[in-house]
2 protein chains.
Amino acid sequence: MKKEFVVIGLGRFGGSIVHELIRLGADVMAIDAHSERVDEYAKIATQAAVADTTDEEVIKSLGIRNFEHVIVAIGENIQASILTTLILKELGVPNVTVKAQNDYHAKVLGRIGADQIIHPERDMGIRIANNLMSSNVLDYLELSDEHSIMEIKANDRIAGYSIKDLDIRANYGINIVGIKRDDSIIISPTADEKILLGDILLVIGAVVDINRFVKKAMG
Amino acid sequence: MKKEFVVIGLGRFGGSIVHELIRLGADVMAIDAHSERVDEYAKIATQAAVADTTDEEVIKSLGIRNFEHVIVAIGENIQASILTTLILKELGVPNVTVKAQNDYHAKVLGRIGADQIIHPERDMGIRIANNLMSSNVLDYLELSDEHSIMEIKANDRIAGYSIKDLDIRANYGINIVGIKRDDSIIISPTADEKILLGDILLVIGAVVDINRFVKKAMG
Ligand SMILES: Nc1ncnc2c1ncn2[C@@H]1O[C@H](COP(=O)(O)OP(=O)(O)OP(=O)(O)O)[C@@H](O)[C@H]1O
Ligand SMILES: Nc1ncnc2c1ncn2[C@@H]1O[C@H](COP(=O)(O)OP(=O)(O)OP(=O)(O)O)[C@@H](O)[C@H]1O
Ligand SMILES: [Ca+2]
Ligand SMILES: [Ca+2]
Ligand SMILES: [Ca+2]
Ligand SMILES: [Ca+2]
């Protein structure tokens, strides 16, 4: 059975969700109040409709309440976002994911039962800032407040040494769980694996420990 | 020496970058054409200025060309974003990171020398769509077109078994590199580690293999 979603609001964020869900093989109904936006997505979405979703009758007539998951990606018009979410939850849609514009908006959405609240610009800002601060840290996955998996670009200070030589686990309490080299990935490299210049090390551990490794071993 | 940045445009994205850079210990000059926006960030930023950055004299007088890195987070006004970027590159700022609104915008930014072009809403849309498609996959770090590290929530199908019992590496060619349990993280668990209900497994491997594991072992 194909997964089915409704995406309301086809701005950059909502539009990108439609594209990617379709690419991943889902069925998607794409909705926007403006026909030009809808025209753009009618070609790729499974279904598309021009509709103002602050009107309960409109939502009912589109059969949206039969979907398991609706994403509300209405932006600037916070009132429309809140009202749409309220109607969806009142009609019993089990999963409603909503884009929030600010803290006030997020708070109201939480109160009226939004199941997942997302701050796309804020989250990307945090990601970018982290990338900007550490030029050797290319990307990361936050695991907890303290722990992350980080992509670290090996420089000439550590190139030529094996993982054993650097004794990373003993010295820093962190672990190399993978190495990106050219177009391939070495999964869970052994301690004998030699690090090459330009390797991207996938390191798991406490952020302070990883940063200590980057500063002391690579700085 | 502290890292120094200029952030131009204090919308959600730019504002979030200012917050996070400051939190990470950088010096930040925050600039926007609207004084209310600047007032909001004057308290937290190292410096703040109300300025229209499409005016070359204004950029010169603020000393922006002495910074190593400038982030242009002007949104809707694409022309202002392009003109600002052009002036910054002409004045010799070595690193200019710019938010793009669409493909046309990104193309022009590339031509005029922007060093890094970012589509925050689009990238977050892609992340969210991936999260939505696989309810057991909570988050992920894309390593290549084929490989990722994924956070997978252990369900009752695999809880109670050790990593050895499931023989994940042999059966799926993937590896568990960490386990999030309550507030702690087990880094590189041994094969004897028993998986508990609600554990979040950090799995590295080809996405098709990880999905096969999620479907076959957990489905
Ligand atoms: N009542 C409504 N019903 C349906 N669609 C709506 C409604 N109100 C707004 N929209 C649509 O939501 C879409 C997204 O809104 P908007 O462009 O303001 O968001 P944004 O925050 O700028 O988005 P992004 O940053 O993702 O581009 C718009 O295409 C708009 O037409
Ligand atoms: N010429 C300019 N000089 C300085 N700041 C500018 C200029 N033009 C626009 N800005 C500022 O850029 C900021 C971000 O722009 P805008 O709100 O349109 O972007 P956005 O795409 O909606 O952002 P976000 O989605 O991150 O909230 C605004 O606060 C605006 O005042
Ligand atoms: Ca908009
Ligand atoms: Ca805006
Ligand atoms: Ca936006
Ligand atoms: Ca990446």
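Residues numbered from 1 in each chain as written. Chains lettered and ligands numbered in written order. Predicted model: local features only at pLDDT ≥ 70, side-chain atom pairs only at ≥ 80, totals over all residues. Heavy atoms only, no water.

- An unreviewed UniProt entry lists chain A under the name Potassium transporter Trk, from Ureibacillus manganicus DSM 26584.

**Topic: the nonpolar core**
1) Next: Of all hydrophobic cores here, the largest spans 42 residues; its most connected members are Ile17(A), Leu21(A), Ile17(B) and Leu21(B).
2) Next: Beyond its immediate chain neighbours, meaning those up to four positions away, Leu21(A) contacts Phe5(A), Val7(A), Ala26(A), Val28(A), Ile71(A), Ala129(B), Leu132(B) and Met133(B).
3) Next: Core analysis: the second largest hydrophobic core is formed by 25 residues, Val6(A), Ile64(A), Ile74(A) and Leu109(A) among them. (Core = buried A, V, L, I, M, F, W, Y, C linked by side-chain atoms within 4.5 Å. Buried < 20%, exposed > 50% of the residue type's maximum accessible area, 1.4 Å probe, protein only. Contact = heavy atoms within 4.5 Å.)

**Overview of the domain arrangement of chain A**
1) Next: Here the domain parsing of chain A yields domain 1 (4–118) and domain 2 (123–217).
2) Next: For domain 1 of chain A and domain 2 of chain A, the distance between their C-alpha centres works out to 38 Å. (Domains from an automatic or database assignment.)

**Quick word on the site of ligand 2**
1) Next: Around ligand 2, the surrounding shell holds 22 residues, and the nearest of these are Phe13(B), Asp32(B), Arg37(B), Glu76(B) and Lys99(B).
2) Next: Mapping the residues adjacent to ligand 2 onto the chains of the assembly identifies chains A and B.
3) Next: Within the contact set of ligand 2, an oxygen atom lies 3.1 Å away from a side-chain nitrogen or oxygen of Glu121(A).
4) Next: One nitrogen or oxygen atom from the main chain of Arg12(B) is found 2.9 Å from an oxygen atom belonging to ligand 2.
5) Next: Coverage of ligand 2 by the protein amounts to 89% of the 640 Å² it exposes when considered alone.
6) Next: Among the residues making up the shell around ligand 2, the classes are represented as seven nonpolar, seven polar and eight charged. (Near = heavy atom within 4 Å. Polar contact = N/O pair within 3.5 Å; in protein donor to acceptor, adjacent residues only side chain to side chain. Areas by Shrake-Rupley, 256 points an atom, 1.4 Å probe, with all protein chains shown as cover. Nonpolar A, V, L, I, M, F, W, Y, C, P; charged D, E, K, R; others polar.)

**Some points on the site of ligand 1**
1) Next: For ligand 1, the set of nearby residues contains 22 residues, the closest of which are Phe13(A), Asp32(A), Arg37(A), Glu76(A) and Lys99(A).
2) Next: At the site occupied by ligand 1, the surrounding residues belong to chains A and B.
3) Next: Take Ala51(A): an N or O atom from its main chain is 3.5 Å from a nitrogen atom of ligand 1.
4) Next: Interatomic distance of 2.9 Å between a side-chain N/O atom of Lys99(A) and an oxygen atom of ligand 1.
5) Next: Relative to its free-state accessible area of 650 Å², ligand 1 is covered by the protein chains to the extent of 89%.
6) Next: Here the shell around ligand 1 is composed, by residue class, of seven nonpolar, seven polar and eight charged.

**Some thoughts on a negative patch on the surface**
1) Next: There is a patch of like negative charges on the surface, built from Glu142(A), Asp145(A), Glu146(A), Asp182(B) and Asp183(B).
2) Next: Tracing the sequence through the fold places Asp145(A) in the loop between strand E7 (137–142) and strand E8 (147–153). (Patch = residues over 30% accessible without salt bridge, like charges linked within 9 Å, V, L, I, M, F, W, Y side chains within 5 Å. Salt bridge = Lys/Arg side-chain N within 4 Å of Asp/Glu carboxyl O. Lys, Arg positive; Asp, Glu negative; His and termini not counted. Charge placed at Lys NZ, Arg CZ, Asp CG, Glu CD. Helix = DSSP H or I, 4+ residues; strand = E, 2+ residues; numbered from the N terminus.)

**Digging into the relation of the copies chain A and chain B**
1) Next: Note on the copies: chain A fits chain B at an RMSD of 0.2 Å, the axial shift is 0.1 Å, and the rotation between them is 180 degrees. Seen this way, the second copy is the image of the first under a two-fold rotation axis.
2) Next: A high fraction, 100%, of the interface residues of chain A reappear at the interface in chain B, so the copies pair face to face through one surface. (Least-squares fit on C-alpha atoms with pLDDT ≥ 70 in both.)

**Some remarks on the coordination of the calcium ion (ligand 6)**
For a metal bound by four donors in tetrahedral geometry, the ideal donor-metal-donor angle is 109.5 degrees, whereas six donors in octahedral geometry ideally sit at 90 or 180 degrees.
1) Next: Looking at the calcium ion (ligand 6), one finds its protein donor set to be Asp139(A) (OD) and Glu142(B) (O), positioned 2.6 to 3.0 Å from the metal centre. Note that Asp139(A) is positioned in strand E7 and Glu142(B) in strand E7 (residues 137–142), a pairing that runs across two chains.
2) Next: Assessed through its relative accessible area of 47%, Glu142(B) is described here as partly exposed. (Donors = N, O, S within 2.8 Å, 3.2 Å for Na, K, Ca; no water.)

**Some thoughts on the interface of chain A and chain B**
When the parts of a complex come together, some accessible area is lost, and that lost area is often taken as the interface size.
1) Next: Taken together, the 54 residues of chain A in the interface contact 54 residues of chain B.
2) Next: Buried area between chain A and chain B, summed over both chains or domains, comes out near 4,700 Å², and the portion from carbon and sulfur atoms is 68%.
3) Next: By the criterion of area lost to chain B, the three top residues of chain A are Arg12(A), Leu132(A) and Met133(A), representing 16% of everything that side buries.
4) Next: Summed over the shared surface of chain A and chain B, the result is four salt bridges.
5) Next: Of the charged contacts, one joins Glu76(A) and Arg12(B) as a salt bridge, the two residues approaching to 3.8 Å between their closest N and O atoms.
6) Next: Linking chain A with chain B are 12 residue pairs in polar contact (both at pLDDT 80 or more).
7) Next: The element that contributes the greatest number of residues to the side of chain A that touches chain B is helix H6 (residues 120–133) of chain A, accounting for 13 residues. (Buried area = accessible area lost by both parts, 1.4 Å probe.)

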